[in-house]
Amino acid sequence: MTIMTIVVAGQQAAPLEEQVRRTAADMRRSRRQPQIVSPEIGASALAGADSDAGHHANFLRLLRYRDAVDTLDFDIPRRPGPVGGCWQRAKRLLWKLLRYQHDRIAFRQNLINGLFTQALENEWRLRCRETAALRARVEALENRERAGAPAAQHSGATTGDGHAL
């Protein structure tokens, strides 16, 4: 029986396999991996809505979680070898120099995103109030018609708030 030896880049694969396993474990522990989003605040939560109103309410709730720009530090990738190390140090230095400007821009963007989110929420509340008022008016007209009172003829004239005279 022959034992096969695998050689990769001039090295036996068995020690490389352990190195790859350690690197993969390090990457799993580092912040370079995307964070796992809870199902309660993930985009898939939108699929659980049973009506348009539920969908919009859920969308606005989820938007609150996502309207901020993340400015956390991140791992700068490194290529192998001494040139890769030099490039990584240069990138870290540039990041330290640019961090202040980046944070200022991110702060402004977070303010704008928050304002847009608030505007959407206010628009949604306004539409809900208007819809409820219109439904109440239609129900009152239907009740009046059922009670035998004739519905008022619409002359085309309206009050300042858009209601018929």
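Now for a description of the structure that goes with this document.

Conventions used here
Residues numbered from 1 in each chain as written. Predicted model: local features only at pLDDT ≥ 70, side-chain atom pairs only at ≥ 80, totals over all residues. Heavy atoms only, no water. Helix = DSSP H or I, 4+ residues; strand = E, 2+ residues; numbered from the N terminus. Buried < 20%, exposed > 50% of the residue type's maximum accessible area, 1.4 Å probe, protein only. Contact = heavy atoms within 4.5 Å. Areas by Shrake-Rupley, 256 points an atom, 1.4 Å probe, with all protein chains shown as cover. Salt bridge = Lys/Arg side-chain N within 4 Å of Asp/Glu carboxyl O. Expected span 1.5 Å × (residues − 1). Polar contact = N/O pair within 3.5 Å; in protein donor to acceptor, adjacent residues only side chain to side chain. Patch = residues over 30% accessible without salt bridge, like charges linked within 9 Å, V, L, I, M, F, W, Y side chains within 5 Å.

**A few points about the overall build of the protein chain**
Then, in step 1: Counting secondary structure elements, the protein chain contains 3 helices and 2 strands.
Then, in step 2: Put simply, the protein chain runs from its N terminus to its C terminus through helices and strands in the order β-β-α-α-α.
Then, in step 3: Burial statistics for the protein chain: of 165 residues in total, 11% are counted as buried.
Then, in step 4: Restricting to contacts in the protein chain with at least 6 residues of sequence separation, those with at least 24 account for 48%.
Then, in step 5: By element, 60% of the accessible surface of the protein chain is carried by carbon and sulfur atoms, the whole surface being about 14,000 Å².

**Let's talk about the pattern of salt bridges**
Then, in step 1: What the rule picks out here adds up to 4 salt bridges.
Then, in step 2: Across the salt bridge formed by Asp103 and Arg99, the nearest N and O atoms sit 3.2 Å from each other. With Asp103 and Arg99 both in helix α3 (residues 81-146) and 4 residues apart, this pair spans about one turn of that helix.
Then, in step 3: Residue Asp103 is classed as partly exposed on the basis of its relative accessible area, which comes to 30%.
Then, in step 4: The salt bridge partner of Glu130 is Arg127, with a shortest N-O separation of 3.0 Å. Here Glu130 pairs with Arg127, and both are found in helix α3, just 3 residues apart, close to one helical turn.
Then, in step 5: For Glu130, a relative accessible area of 36% gives the class partly exposed.
Then, in step 6: Several salt bridges share partner residues, and in doing so they unite Glu123, Arg127 and Glu130 into one network.

**Considerations on helix α2 (residues 52-66)**
Then, in step 1: Here α2 contains 15 residues, and its C-alpha end-to-end distance of 21 Å stays within 8% of the 21 Å for a straight helix at 1.5 Å per residue.
Then, in step 2: Listing the buried residues of α2 in full gives Asn58, Leu60 and Leu62.
Then, in step 3: Residues of α2 that are buried sit in contact with α3.
Then, in step 4: The N-cap residue of α2 is Ser51: its side-chain oxygen and the backbone nitrogen of Gly54 are 3.1 Å apart.

**Digging into a nonpolar patch on the surface**
Then, in step 1: A cluster of nonpolar side chains, Leu93, Leu94, Leu97 and Leu98, forms an exposed patch at the surface whose accessible area comes to about 420 Å².
Then, in step 2: Among the structural elements, Leu93 can be located in helix α3.

**Remarks on the side chain of Thr117**
Then, in step 1: Structurally, the position occupied by Thr117 is in helix α3.
Then, in step 2: Among the polar contacts made by the side chain of Thr117, one reaches the main-chain carbonyl oxygen of Asn113 at a distance of 2.9 Å.
Then, in step 3: Each residue touching Thr117, except ones within four places of it in the same chain, is listed here: Leu63, Arg64 and Asp67.

**Re the environment of Ile112**
Then, in step 1: On the secondary structure map, Ile112 appears in helix α3.
Then, in step 2: Residues Ile112 and Asp67, 45 residues apart in the sequence, show an inter-C-alpha distance of 9.0 Å.

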